[in-house]
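Results of the structural survey
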Amino acid sequence: MQRVFNWFTPKRETWLFRVNPALKFIVFFAFLIITLVNQSLPFAISQAILYGILFYIFSGYSLKKLLLLSIPLVISFLSTGLTMLLFGKGETVLWQWGLLKISEESIQHALLLGSKSLSFGFVGFTFILTIQPVLFFYAMMQQFRLPSKYAYSFIAAFRLIPAVTEELQIRRNALKVRNIQFSKGFRGIYERLQSYTVPLFAQSIRRAQRIAVAMEAKQYQMGAARTYYYPTRYTGVDMVFLLVMICSLSSAFLLSIYR
Amino acid sequence: MKKLKFTDLLITIMIGVVFGVLMKFWDDLYTVVKPIMPVARQLLYGMWFMVGPFAFLLLRKPGTAFIASIAGASLSAFAGHGIEVLMYGFAQGLAAELLFAAFRYRRYSILIAGLAGVASCLASFGLDLIYGYAALETWALIVKYGLRAISAFIFTGIFAVFIVKALEATGVTSLIRPVDKKEYTMLDQ
Amino acid sequence: MNNISVTDLRLKFPGEDALVFKDLSFSVQSGEKVLMLGPSGCGKSTLLQVLSGIIPNSIELPMKATSIQLPDSWGFVFQDPDTQFCMTYVDEELAFVLENLQVQREEMAPRIEEVLKRVDLHLIDAHTPINEMSQGMKQRLALASVLLLEPDVLFLDEPSALLDPEGTQQIWTSIKEATADKTVIIVEHKIDLIADWVDRVVLFNDHGVILADGSPADIFANFQEELKRYGIWYPGVWEEYKTSDAFQLMMLNRQVVSSQEKIHIEDFHGYRGLVEKISAKHATVQAGDWITIVGENGSGKSTLLLSLMQLLRTNGVYEVNGVAIVWKKKKRQLPKGLSLVFQNPELQFVTNSITEELTVSLHGMPKADADMYAKELMRLFNLPDSVSRHPYQLSTGQKRRLSVATALTPSTDILLLDEPTFGQDARNTFAILEKLEQLRTKGMTILMVTHDTEIVENFATAVWTVVDGVVHTANGVGGAKSV
Ligand SMILES: Nc1ncnc2c1ncn2[C@@H]1O[C@H](COP(=O)(O)OP(=O)(O)OP(=O)(O)O)[C@@H](O)[C@H]1O
Ligand SMILES: Nc1ncnc2c1ncn2[C@@H]1O[C@H](COP(=O)(O)OP(=O)(O)OP(=O)(O)O)[C@@H](O)[C@H]1O
Ligand SMILES: [Mg+2]
Ligand SMILES: [Mg+2]
């Protein structure tokens with residue numbers, strides 16, 4: 001089973017790895033929506049802590065990798081928080097300097113946003129770190145009736161990613177070697193975009209088309225019944241997973257109410 | 001308008017995935033610019049809205065904007081942005097798709113493509129609103145999302161249309177678009 | 001099982017003026033084995049795709065026909081082994097076929113194992129990444145998927161172009177066994193093993209018109225003239241070529257060009273990732289040498305060329321023109337004077353048109369001269385003279401020739417060629433070989449991977465054999481004419 005990037009190989013496979021990937025996806029996604037719509041600061045903080053535990057203890061990766069992954073999380077915590085802190089709405093002003101203004105409300109809001117983006121990061125990473133894309137798509141087909149045409153298109157397209165990144169590198173080198181200069185401003189951005197994307201897309205489209213044709217030549221038919229090489233089903237772990245997740249979310253909620 | 005064939009679908013998803021990879025690289029640039037120049041940062045934001053309209057301009061078939069947008073978001077998700085980008089991909093793709101649908105999928109001009117980008121921008125604003133990003137001072141809100149909308153128009157309207165034109169020159173679009181009637185009459189030579 | 005037929009087919013590519021087929025009619029009885037022969041670029045691959053329904057069902061091209069009868073159950077082996085797989089691993093790819101056929105999961109593993117044996121693809125574990133296989137191994141895998149399908153009709157587009165001689169034999173044996181009562185339509189240039197097996201040979205000229213259609217005996221006996229005129233392979237073509245004046249003259253002038261040392265290798269190793277995939281104890285190459293590199297599929301021939309080009313990590317002593325080459329990860333510089341033609345021609349292309357492709361590395365040459373130069377190469381390598389055509393919009397054989405032509409820049413003095421003649425008709429094969437020989441007599445050094453024993457016997461000055469990642473040099477052996 002291949003992960004999108006080789007780097008994503010865990011130190012040990014925790015119980016999270018054995019949860020049905022499609023179920024894991026649905027549950028995590030539901031949690032993200034709860035995070036998204038929640039406006040209560042205490043609940044947001046306790047959620048962030050909960051997902052942090054999931055990420056740091058149960059993802060099965062070495063601390064080094066986890067810390068490396070935490071860097072963007074911290075950055076996004078700071079950047080979303082800071083913008084809100086300095087430019088946020090608020091009546092009870094604590095400090096002001098020109099356009100910059102810190103108020104009680106903006107502090108609250110900054111913390112809320114910061115915790116939310118931490119939660120997003122923790123859940124997102126925990127999911128990515130503990131699934132294998134191919135198995136995920138197989139599970140989506142079998143447990144949630146995702147039409148096979150989408151699943152295999154994704155699998156085939158993901159398979160071509162190394163080729164795409166390689167080509168991007170080659171292109172980068174080629175442009176360097178030939179000493180191509182770009183203009184300034186939006187024109188330069190366009191030139192840059194164009195010189196990278198045009199050959200890349202031309203190539204990828206051709207490749208994708210040929211692969212689609214080859215798949216149909218292998219008697220793949222959209223919508224036809226099929227069997228599955230990788231069986232994915234619900235097991236005891238899934239029950240445990242559901243219970244654990246629901247219990248922790250409820251306790252996070254209760255904690256935030258009865259502090 | 002024709003339904004999507006399997007080839008179209010795979011190509012659409014491939015476009016989304018390639019955009020996902022590009023956005024990963026773009027992200028590097030974006031992260032560098034982010035803290036130092038807040039204005040430039042908003043002006044670069046339009047790239048995130050480009051994938052859907054671009055796919056539609058290329059294939060000219062219903063559904064492509066929406067599917068490509070989700071595919072791009074999925075790759076971003078797998079490449080480490082977290083699954084919440086899926087929500088954004090969903091909303092932005094849907095908005096662009098609806099805009100093209102409103103013109104019966106028959107308009108491919110800079111204006112319409114640009115508007116699709118602005119529609120995506122609006123959709124992402126909606127999500128931001130729920131999330132809480134939007135609780136800024138009104139002036140900051142207008143500057144931030146105003147710049148973003150302008151950038152959306154530039155990227156999805158102007159840039160996307162020109163890149164698709166450049167791709168047409170390589171002949172690749174003739175493989176994937178419905179064949180022109182004129183081509184059939186040329187068979188009777 | 002039904003017959004396949006098409007009447008009055010007209011077809012063109014969008015944006016092109018000329019028709020590929022004009023009123024072509026063709027039919028195949030069920031159970032027949034048909035071999036299509038024709039010069040490169042005449043439309044053989046396109047016709048196979050029409051007969052299977054890929055055109056226009058999956059690829060829409062402007063076409064029409066008064067009637068067309070397609071097969072219900074068919075399999076297709078495509079010409080390009082790099083773009084016919086959708087999954088990452090060998091077992092997943094074959095399982096994908098079985099899933100389409102709704103085979104139960106328990107039966108999958110044994111059937112995968114069995115079919116891999118049948119195409120002689122020996123892997124330690126079927127769960128091997130497809131990306132890490134050699135081109136020939138991929139071609140075997142493509143065939144394996146089709147054998148799993150067990151279709152009534154097989155379309156084979158040069159299924160053995162990249163296989164070693166033993167593999168070619170093996171593949172045809174399994175195809176013959178598996179398809180005794182099936183319809184098989186083949187496009188192939190290497191025809192020695194099947195010329196007697198097929199029921200029918202169909203001969204095309206370079207405008208996609210059927211010249212002749214009959215039993216192999218009939219065609220090879222009565223249409224010698226046409227076969228020769230259009231440069232098509234037929235049994236005995238090499239014997240004939242060897243008696244030709246052009247060849248004789250060439251062989252008369254085969255003196256040793258120089259004794260200047262171009263490449264020197266001592267204890268050289270090349271790696272794919274962390275794994276050593278090729279090694280050579282000691283080897284030297286002199287100016288004007290024509291070294292052919294032979295070996296089984298997957299033995300490491302391409303890896304050797306990539307290592308010499310410094311596209312893979314290497315270590316050991318390696319000198320080009322007396323300059324020591326040391327592998328660098330960053331700021332890598334490719335050795336001067338060396339030029340590589342990849343096994344997959346598409347990897348070679350960097351521009352958007354044929355002319356540009358030929359002129360892009362002619363730094364400093366005035367535009368008019370560069371265009372002349374490109375025109376000359378296009379004529380020599382029989383490439384379509386189209387201003388706007390993208391290099392990808394060519395037939396496989398044409399792509400191959402274009403990729404070889406791009407490497408012949410004036411600044412090159414050592415050519416590394418990875419199977420430059422695969423998928424070529426006879427005329428173009430000889431044209432390429434003659435051009436290379438002409439360059440060689442002027443001092444060009446050639447290292448060329450090939451599976452074609454005739455080329456080895458008639459053109460090589462030395463043969464290197466690669467066995468399981470080890471290069472065995474035997475200067476003089478096999479290179480009969482090295483004086
Ligand atoms: N996308 C395209 N656009 C325009 N012309 C094309 C395109 N693809 C192929 N052609 C042209 O159509 C002709 C037929 O191509 P085809 O691939 O069928 O040739 P072929 O007989 O299989 O040749 P080969 O033996 O080299 O594989 C060629 O002359 C080629 O240049
Ligand atoms: N990208 C890769 N990563 C890892 N291993 C590879 C890769 N490509 C090839 N290999 C392995 O390296 C070995 C040599 O492959 P190579 O492509 O050099 O063979 P070859 O002699 O050129 O074969 P062919 O005649 O089929 O082209 C094979 O065992 C192959 O599985
Ligand atoms: Mg062909
Ligand atoms: Mg090889």
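For clarity, every value in this text was computed on a predicted model and none was experimentally measured.

Here we look at the coordination of the magnesium ion (ligand 4)
- Donor atoms from the polypeptide that bind the magnesium ion (ligand 4) are S302 of chain C (OG) and Q343 of chain C (OE1), placed at 1.9 to 2.2 Å. Placement of S302 of chain C in helix α11 (residues 301-308) and of Q343 of chain C in the loop between β16 (338-341) and α12 (354-359) is noted, with a sequence separation of 41 residues between them.

Considering unusual backbone geometry
Residue and element names in this part refer to chain C.
- Here the amide bond leading from I55 into P56 is cis, since omega sits at 5°, within 30 degrees of zero.
- Tracing the backbone shows P56 in helix α2 (residues 54-57).
- Of note in this structure, Q102 is not a glycine but carries a positive phi near 60°.
- Its location among the elements puts Q102 in the loop between α3 (90-100) and α4 (105-118).

Concerning the nonpolar core
- Within the largest apolar cluster, 233 residues are counted, with the highest numbers of intra-cluster contacts made by Y138 of chain A, I15 and F54 of chain B together with F459 of chain C.
- A per-element tally of this core places helix α1 (residues 6-36) of chain B first, with 14 residues.
- Beyond its immediate chain neighbours, meaning those up to four positions away, I15 of chain B contacts F201 and I205 of chain A together with F54, A55, L58 and L59 of chain B.
- Within the second largest apolar cluster, 33 residues are counted, among which are A217 of chain A together with V20, F26 and I54 of chain C.

Quick notes on a nonpolar patch on the surface
All names here are of chain A.
- A contiguous nonpolar patch, built from I45, I49, I53, Y56, I57, L63 and L67 and spanning about 640 Å² of accessible area, is present on the exposed surface.
- Mapped onto the nonpolar patch, the elements with two or more residues apiece are α3 (41-58) and α4 (63-87).
- Ranked by the residues each element gives to the nonpolar patch, the list is headed by α3, at five residues.
- Positionally, Y56 belongs in helix α3.

Thoughts on the packing of helix α2 (residues 21-37) of chain A against α3 of chain A
Residues and elements named next belong to chain A.
- For the pair α2 and α3, interaxial distance at closest approach is 11 Å and the crossing angle is 155°. It follows that α2 is roughly antiparallel to α3 by the angle criterion. Judged by the sense of rotation from one axis to the other, the crossing of α2 with α3 is left-handed. Contacts between α2 and α3 pair F28, F31, I34 and T35 from the former with F43, Q47, Y51 and L54 from the latter.
- The class makeup of the residues in the contact of α2 with α3 is six nonpolar, two polar and no charged.

A few points about the site of ligand 2
Residue and element names in this part refer to chain C.
- Within the structure, ligand 2 sits among 19 residues, and E132, S134, G298, S302 and T303 are positioned closest to it.
- Taking E132, its main chain carries an N or O atom lying 2.6 Å from an oxygen atom of ligand 2.
- R272 places a polar side-chain atom, nitrogen or oxygen, 3.4 Å from a nitrogen atom of ligand 2.
- Secondary-structure elements contributing two or more residues to the shell around ligand 2 are α5 (135-149) and α11.
- Take the shell around ligand 2: its biggest share by element is three residues, from α11.
- Across the shell around ligand 2, the residue classes tally to one nonpolar, twelve polar and six charged.

A few points about the packing of α4 of chain A against helix α5 (residues 104-129) of chain A
Residues and elements named next belong to chain A.
- Relative orientation of the contacting elements α4 and α5 amounts to 155°, with a least axis distance of 8 Å. As summarised for this structure, α4 and α5 are arranged roughly antiparallel, according to the angle between their axes. Taken as a pair, α4 and α5 cross one another with a handedness that is right-handed.
- Residue composition of the contact of α4 with α5, grouped by class: 13 nonpolar, nine polar and no charged.

Considerations on the interface of chain C and chain B
- Across the contact, 21 residues belong to chain C and 15 residues belong to chain B.
- For the pair chain C and chain B, the two sides together bury roughly 1500 Å², of which 47% comes from carbon and sulfur.
- Together, P14, E60 and P62 of chain C form the three largest contributors to the area buried by chain C at its contact with chain B, with a combined 33%.
- At the boundary of chain C with chain B, the tally comes to two salt bridges.
- Its salt-bridge partner being K12 of chain C, residue E183 of chain B comes within 2.3 Å of it at the nearest N-O pair.
- Summed over the shared surface of chain C and chain B, the result is six residue pairs in polar contact (both at pLDDT 80 or more).

Considerations on the side chain of S279 of chain C
Residues and elements named next belong to chain C.
- Summarising the element assignment, S279 is placed in strand β12 (residues 275-286).
- Relative accessible area serves as the criterion here: at 14%, S279 is assigned to the buried category.
- Apart from residues lying up to four places away in sequence, S279 is in contact with F268, H269, G469, V470 and V471.

Looking at the confidence of the model for chain A
- The pLDDT averaged across chain A works out to 84; a share of 93% of its residues lies at or above 70.
- Highest mean pLDDT in chain A belongs to helix α7 (residues 148-159) of chain A (93); lowest belongs to strand β1 (residues 93-97) of chain A (73).

What counts and how
- Residues numbered from 1 in each chain as written.
- Chains lettered and ligands numbered in written order.
- Predicted model: local features only at pLDDT ≥ 70, side-chain atom pairs only at ≥ 80, totals over all residues.
- Heavy atoms only, no water.
- Donors = N, O, S within 2.8 Å, 3.2 Å for Na, K, Ca; no water.
- Helix = DSSP H or I, 4+ residues; strand = E, 2+ residues; numbered from the N terminus.
- Core = buried A, V, L, I, M, F, W, Y, C linked by side-chain atoms within 4.5 Å.
- Buried < 20%, exposed > 50% of the residue type's maximum accessible area, 1.4 Å probe, protein only.
- Contact = heavy atoms within 4.5 Å.
- Patch = residues over 30% accessible without salt bridge, like charges linked within 9 Å, V, L, I, M, F, W, Y side chains within 5 Å.
- Areas by Shrake-Rupley, 256 points an atom, 1.4 Å probe, with all protein chains shown as cover.
- Salt bridge = Lys/Arg side-chain N within 4 Å of Asp/Glu carboxyl O.
- Axes fitted to C-alpha atoms, helices over the stretch in contact; angles between N-to-C directions.
- Parallel < 35°, antiparallel > 145°, perpendicular 65-115°, else oblique.
- Left-handed = near helix turned anticlockwise from the far one by under 90°.
- Nonpolar A, V, L, I, M, F, W, Y, C, P; charged D, E, K, R; others polar.
- Near = heavy atom within 4 Å.
- Polar contact = N/O pair within 3.5 Å; in protein donor to acceptor, adjacent residues only side chain to side chain.
- Buried area = accessible area lost by both parts, 1.4 Å probe.
- pLDDT = per-residue confidence, 0-100.

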